[in-house]
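Architecture at a glance
Here's the letter readout for the chains.
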Amino acid sequence: MKRKVALHNLGCKVNAYEVEAMQQLLEQEGYEIMPFEPGADIYIINTCTVTNIADRKSRQMLHKAKKMNPDAIVVATGCYAQTDEGKLDKDEAVDLILGNNQKKNIVEALREYGQDSRKQAHVIKINQTKEYEELSISRTAEHVRAYIKVQDGCNQFCTYCIIPYARGRVRSRKIGKIIEEVQALGEKGYQEVVLTGIHLSSYGVDFPEEEKETLLSLITQVHEVEGIKRIRLGSLEPGIITEEFVKSISSLPKVCPHFHLSLQSGCDKTLERMNRRYRCGEYRAKCELLRKYYENPALTTDVIVGFPMESEEDFQASLDFVESIRFYETHIFKYSRRQGTKAAAMEGQIPEAEKTRRSEKMIALHHLRAQEYEEALLGHVLEVLLEEEVSVDGEVYLAGHSREYVKTAVKKQEGYGINDIISVKAVSFLEKHTLLGEVFP
């Protein structure tokens, strides 16, 4: 009888990719994959540790798995499993621990555990490895878009962030392996790929000089893969946005005009305390550079509010800066104290109520700017990759995303369907943040 495995992911797109890769390794070995519910023989939770809340959620999911079947093997893997400093060793809900760079060994680890059924931990000193953990996928849960992990680790050591300790130093995947995976996905009908990593902008910095590659050379080679019609980029650092980089990618028609440029704060004093490698003036220049080569790119970002010692004046400076850049979307996070980081020990921690107040002001600005950007697209012809059927007020629509990553829907009609790319003239709104369009001849 096939053993049943249920997998659950917590955290980022890189974690989601790794879960899909582990699932496909298990399927190849003959395991039966089932939903994360009672009845599985094995539960695998890919944990997250980006905040203390993420740690708590990771522990909760591990305990939930053991409650669903006390006789099941519960596997903790990922970033919390890497950084928990021995707590999981004492946790009776967990049978098997796989740190980062060990997920590729999931089949062997389960086989080994099955031979003696004693608690085991496979956790390496992640900061001492230079090995990129080679995982790959042949399909993805999204039917039209595939996230491709191309890089792991981070060398930045921002004062609020635990990830360099959980993921180790920058390790880049060989371009040949990436191209093989993209080609296989293209042959299966996937038309859009998203290049992602823990610190994508660092892609290639760890390669020896004779094998030197960069994110730009990677994008250029992915652009040549037949079947792939669109390339998106994960979160970028301002430093990679140079004249050469933007001019080069703007000449590659498959690269979508949708750029997530990490900010974190629009106040120079806060950026310095965060150990970010740029200041507001440089960041603004990078946005202007993108707008020089792209007519109306969708610029999105992340902002942390309530960082230690962020005064009311500092917050207002950040809010004013974000307002002036006119982002399409701003993802706002209240600063979360993460033990093990420098920021956790800083003086001037901001009360939770004040962080909430600042977050609400920033969120209000986000909604305003998102609406403005979407309204500016009305009357324009957009290229939309259809992804799903949706029903609104009894009417069936096909919905997808434009090259700018704006959700757009058209009435369902004969002649086109999911995974088609069509030209759509945006005429109104179907719902908030969903454009309604007409198929353009």
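Residues numbered from 1 in each chain as written. Predicted model: local features only at pLDDT ≥ 70, side-chain atom pairs only at ≥ 80, totals over all residues. Heavy atoms only, no water.

**Remarks on the pairing of strand β17 (residues 421–431)**
Defined as follows: Following DSSP output, two strands are said to pair if at least two bridges run between them. What counts as a helix is a DSSP run of H or I of at least four residues, what counts as a strand is a run of E of at least two, and both are numbered from the N terminus.
Where strand β14 (residues 381–392) and β17 come together, five bridges link them in antiparallel fashion. By the bridge assignment, Glu-383 is partnered in β17 with Ser-423. The sheet contact formed by β17 and strand β18 (residues 434–439) spans six bridges and is antiparallel. Counted as the bridge partner of Phe-429 is Leu-435 from β18. Counted along the chain from β17 to the antiparallel partner β18, the turn is two residues long, and its residue His-433 has a positive phi close to 65°.

**Focus: the packing of aromatic side chains**
Note the following rule: The aromatic pairing rule takes the rings of Phe, Tyr and Trp, using the six-membered ring of Trp, and pairs them if the centres are within 6.5 Å, calling planes under 30 degrees apart stacked, those over 60 edge-to-face and the rest tilted. The buried label goes to any residue with under 20% of its type's maximum accessible area, the exposed label to any with over 50%, and the partly exposed label to all in between, with areas taken from a 1.4 Å probe on protein chains only.
Applying the stated criterion across every chain, the model contains 10 aromatic pairs. With 5.4 Å between their ring centres and 75° between their planes, Phe-157 and Tyr-165 make a pair best called edge-to-face. You can call Tyr-165 partly exposed: its relative accessible area is 38%. Linked through ring pairs, Tyr-278, Tyr-283, Phe-321 and Phe-327 together constitute an aromatic cluster.

**Observations regarding the packing of helix α11 (residues 280–293) against helix α12 (residues 312–325)**
Short version of the rule: Angles shown run from 0 to 180 degrees and are taken between the N-to-C directions of axes, each axis being a line fitted to C-alpha atoms and, for helices, limited to the stretch in contact. For this classification, under 35 degrees means roughly parallel, over 145 means roughly antiparallel, 65 to 115 means roughly perpendicular, and everything else is oblique. Helix crossings fall into two classes, left-handed where the near helix is turned counterclockwise from the far one by less than a right angle and right-handed where it is turned clockwise. When checking whether two residues touch, look at their non-hydrogen atoms; a contact exists if any pair is within 4.5 Å. The classification used treats Ala, Val, Leu, Ile, Met, Phe, Trp, Tyr, Cys and Pro as nonpolar, Asp, Glu, Lys and Arg as charged, and all other residues, Gly among them, as polar.
In contact at an axis separation of 11 Å, α11 and α12 are set at 15° when each is read in the N-to-C sense. When the axis of α11 is compared with that of α12, the two are roughly parallel. The crossing of α11 and α12 is right-handed. For the pair α11 and α12, contact is made by Cys-280, Tyr-283, Arg-284, Cys-287 and Arg-291 and by Phe-321, Ser-324 and Ile-325, respectively. Its residues assigned to classes, the contact of α11 with α12 shows five nonpolar, one polar and two charged.

**Some words on the pairing of β14**
Pairing analysis gives eight bridges linking β14 to strand β15 (residues 395–402), with the strands arranged antiparallel. Within the sheet, the bridge partner assigned to Leu-386 lies in β15 and is Gly-400. Turn length for the β14-β15 hairpin, with the two strands adjacent in sequence and antiparallel, is two residues, and the turn residue Asp-393 shows positive phi of about 55°.

**Focus: unusual backbone geometry**
Even without being a glycine, Asn-101 presents a positive backbone phi close to 70°. For Asn-101, the position within the fold is in the loop between β5 (96–98) and α5 (106–116). With a phi close to 65°, Tyr-405 is a non-glycine residue in the positive phi region. As for its placement among the helices and strands, Tyr-405 is situated in the loop between β15 and β16 (407–411).

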